[in-house]
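# Fold and geometry: a report
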Amino acid sequence: AFCPQGVAKAGAMAVPEKEALRCLWHTQFTKAQQADSWGQFHEAQEGYLAVASQIAAKQALPSITSKEKDSMHRLSLCLSARAEALKTFKETVTSVDMKNLDPVFQT
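The structure contained in this document is the topic of the report that follows.

In this section: the nonpolar core. Judged by nonpolar contacts, the single largest core of 20 residues is most densely connected at Trp25, Phe29, Tyr48, Ile55, Leu79, Met98 and Phe105. Among the elements of the structure, helix H1 (16-37), helix H2 (41-58) and helix H3 (66-88) are those that each provide at least two residues to this core. With sequence-adjacent residues up to four places away left out, Ile55 is seen in contact with Trp25, Met72, Leu75, Ser76, Leu79 and Phe105.

And the structure:
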């Protein structure tokens, strides 16, 4: 996905800082998801946990709406669940499930 510097989308993500975070998280998520699809489970696990913790840490920003906080919380839980699945080798959340999250980072 393309995340141009200084270009903000309309709607809830119109604040440039939010757009920068979204782009950063999407880039990191994509790297983790690629590692996951290539069977690099340790790298994927670290990547998913890093993005999940970054998202969780930003939920308290004053510019984040309650709807965005809810979405961020759910996203963080999904990323953490996949990291746990990789750690325990239990496919409760699969790599395919993670691919389905990609559009969430693009909106």
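Turning next to the packing of aromatic side chains. Evaluation of the coordinates by the stated rule reveals two aromatic pairs. When the ring of Phe29 is compared with that of Tyr48, the centres are 6.2 Å apart and the planes differ by 40°; the resulting orientation is tilted. Taken together, the residues Phe29 in helix H1 and Tyr48 in helix H2 connect sequence positions 19 residues apart. Each member of the pair, Phe29 as well as Tyr48, carries the same accessibility label: buried. Aromatic pair Phe29 and Phe105: ring centres 4.5 Å apart, planes at 25°, arrangement stacked. Here the residue Phe29 occupies a position in helix H1, and Phe105 occupies one in helix H5 (residues 102-105), the gap between them amounting to 76 residues. Phe105 matches Phe29 in its accessibility class, with the two residues each being buried.

How each quantity is defined
Residues numbered from 1 in each chain as written. Predicted model: local features only at pLDDT ≥ 70, side-chain atom pairs only at ≥ 80, totals over all residues. Heavy atoms only, no water. Core = buried A, V, L, I, M, F, W, Y, C linked by side-chain atoms within 4.5 Å. Buried < 20%, exposed > 50% of the residue type's maximum accessible area, 1.4 Å probe, protein only. Helix = DSSP H or I, 4+ residues; strand = E, 2+ residues; numbered from the N terminus. Contact = heavy atoms within 4.5 Å. Phe/Tyr/Trp six-rings, centres within 6.5 Å; stacked < 30°, edge-to-face > 60°.

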